[in-house]
Amino acid sequence: MESQDTILVTGGAGYIGSHTVRQLLKRNEKMVVLDNLSYGHEEAVPVGAVTFVRGELADSSTLESIFTQHRIDAVLHFAASTYVGESVSDPLKYYRNNIAAPLTVLETMQRHQCKRFIFSSTCATYGDPQKIPMAEDHPQQPVNPYGASKWMLERVLKDCDRAWGLKSVFLRYFNASGCDPNGEIGEDHDPETHLIPRVLMAIAGEIPAITVFGTDYPTPDGTCIRDYIHVNDLASAHALALEHLRKGGESTAVNLGTGRGFSVTEIIKTAEDITGKRVPVEYGPRRPGDPSELICDPRKAKEVLGWEAVHKDPRSHIEGAWKWLTGPKRGRYSR
Ligand code: UDP
C-alpha cells in the first residue's frame, strides 16, 4: 500500500472528470482514474501523472485491488450515463449504471473505511422548476429516469451516512459547458446533443444546421433559458468540496451554476459574434421534457464551499469550445 492519500476518480476520462483531474494535479493531488472508456477517452487522461485503470465500477475485484494498493481517502464519482432522452427509452441502463454499479464502489469504501464521496449530481433531480432561481431546498421530483437515478443515489448516500458515517457532497450541476482554454481537452460526446457544441458544429459545417427546440416558451425571445456553468468552474468546486470533507465537514448538497440564464437564441448570437460566421438555424418543436427556464441559486455554494463561478458569461465557454473544435484535435479524441 502506498503511503500518500490518493483520490479515486471514477469517470476521470470523461468531459467533467478529465477537467477536474487536471485541476487536482495542479494541487499536487495523487489520483487513480477508473474508467471503462464507454464514454470517456484515454487521451483525456494525463497518463504518467495519474494511475489509469480501465475497468468497470461494478467489478468488485478491480475496486478491491485499487483500495488495497492505494490509500484512497476520497472518491470523486463522475462515471454515469447522462442522456436524458435515452434514459426515457432505456431506463434500466440508467438504473444499472447510475445506481447499481456505484453500489460496488460504496461497498468497497465501507470495507476500507473510506468515508469521503463527492457526487456528480444534477439539477435534473429537481424536475420541473416550481421557483426560479432554484435553491437546494427546491422539491426533488425528477421527471425522467436520468434525474431519478441521480436522486436515488443521493438517497443511498444519505443512508450510508446514517449507517456508517460516509460524508458526501452532492454537487448538483446546471448546464456544464466550455473547455479548458489550453485547447488540449474538451467535450467529445458521441452522440453530441448539447447546445453549445452543436451550434459550433453547425458553424464548422459538421452538421447541416442547429435545430432550435421550441420558440413558443414563455421567455422574452420564446426560446429556453439555461444556466451555463463552465467545466473549469465545476472542477474547482470539486476541489473545494474535497477540502470541505477533509476538514471534517458534514454531508451537504450544493448547486453549481452562475445564477444567470441565457436563451438558446442568445447562445446562437454569441457564437456568431465570436466566430464571425452565421449559424445555419432551423426551428423545430419543443423537445419533450425541457422546462422553459432553469436557473441556479448559487448562494449556498459560496457559503458552504467558498465557491463562486469565475466564467459568468457564456462567451468564454463558447470561445473555449470553438478553440477545441478548430484546434489540432478538431473537437475529437482518436477512437
Ligand atoms: N437545444 C436546442 N437545440 C439543440 C440542443 C439543445 O434548441 O440541438 C436547447 C434545449 O432545448 C435546451 C438548451 O438548448 O433548452 C440546452 O440543451 P442541452 O441539451 O445543451 O442541455 P440540457 O438543458 O438538456 O441539459
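Structure: above.
Structural notes, computed from the coordinates. Since the model is a prediction, treat every value here as computed from it, not as a measurement. (Residues numbered from 1 in each chain as written. Predicted model: local features only at pLDDT ≥ 70, side-chain atom pairs only at ≥ 80, totals over all residues. Heavy atoms only, no water.)

Next up on the list: the pattern of salt bridges. The final tally for this structure, using the stated rule, is 24 salt bridges. Across the pair D273 and R315 runs a salt bridge whose closest N-O atoms are separated by 2.9 Å. Linking D273 in helix α8 (residues 264–275) with R315 in helix α10 (residues 314–326), this pair joins segments that are 42 residues apart in sequence. Here D273 falls in the exposed class, since its relative accessible area comes to 52%. Across the pair E319 and R315 runs a salt bridge, and its minimum N-O distance is 3.8 Å. Taken together, the residues E319 and R315, both in helix α10 and four residues apart, mark about one turn of the helix. (Salt bridge = Lys/Arg side-chain N within 4 Å of Asp/Glu carboxyl O. Helix = DSSP H or I, 4+ residues; strand = E, 2+ residues; numbered from the N terminus. Buried < 20%, exposed > 50% of the residue type's maximum accessible area, 1.4 Å probe, protein only.)

Okay, the site of the ligand next. Residues in close proximity to the ligand total 15 residues, the closest being L195, T211, F213, R287 and D290. At a separation of 2.9 Å, an oxygen atom of the ligand approaches a polar backbone atom of F213. With respect to the ligand, the side chain of R287 contributes an N or O atom lying 2.7 Å from an oxygen atom. Calculation on the ligand without its partners gives an accessible area of 520 Å², and the protein chains cover 88% of this total. (Near = heavy atom within 4 Å. Polar contact = N/O pair within 3.5 Å; in protein donor to acceptor, adjacent residues only side chain to side chain. Areas by Shrake-Rupley, 256 points an atom, 1.4 Å probe, with all protein chains shown as cover.)

Our focus in this paragraph is empty space enclosed by the protein. For the structure shown, the criterion picks out one cavity of 30 Å³ or more. Quantified by volume, the largest cavity comes out at close to 130 Å³. As for the largest cavity, its lining consists of 13 residues, of which E187, P197, A321, W324 and L325 are closest to the centre. The set of elements that each furnish at least two residues to the lining of the largest cavity consists of α6 (195–203) and α10. Broken down by element, the residue count for the lining of the largest cavity peaks at four residues, all from α6. Taken together, the residues that form the lining of the largest cavity break down as eight nonpolar, two polar and three charged. (1 Å grid on protein atoms, 1.4 Å probe; cavity = no way out; pocket = protein on both sides within 12 Å on 5 of 7 lines; lining within 4 Å. Points joined across faces, edges and corners; volume = space filled by probe spheres on them. Nonpolar A, V, L, I, M, F, W, Y, C, P; charged D, E, K, R; others polar.)

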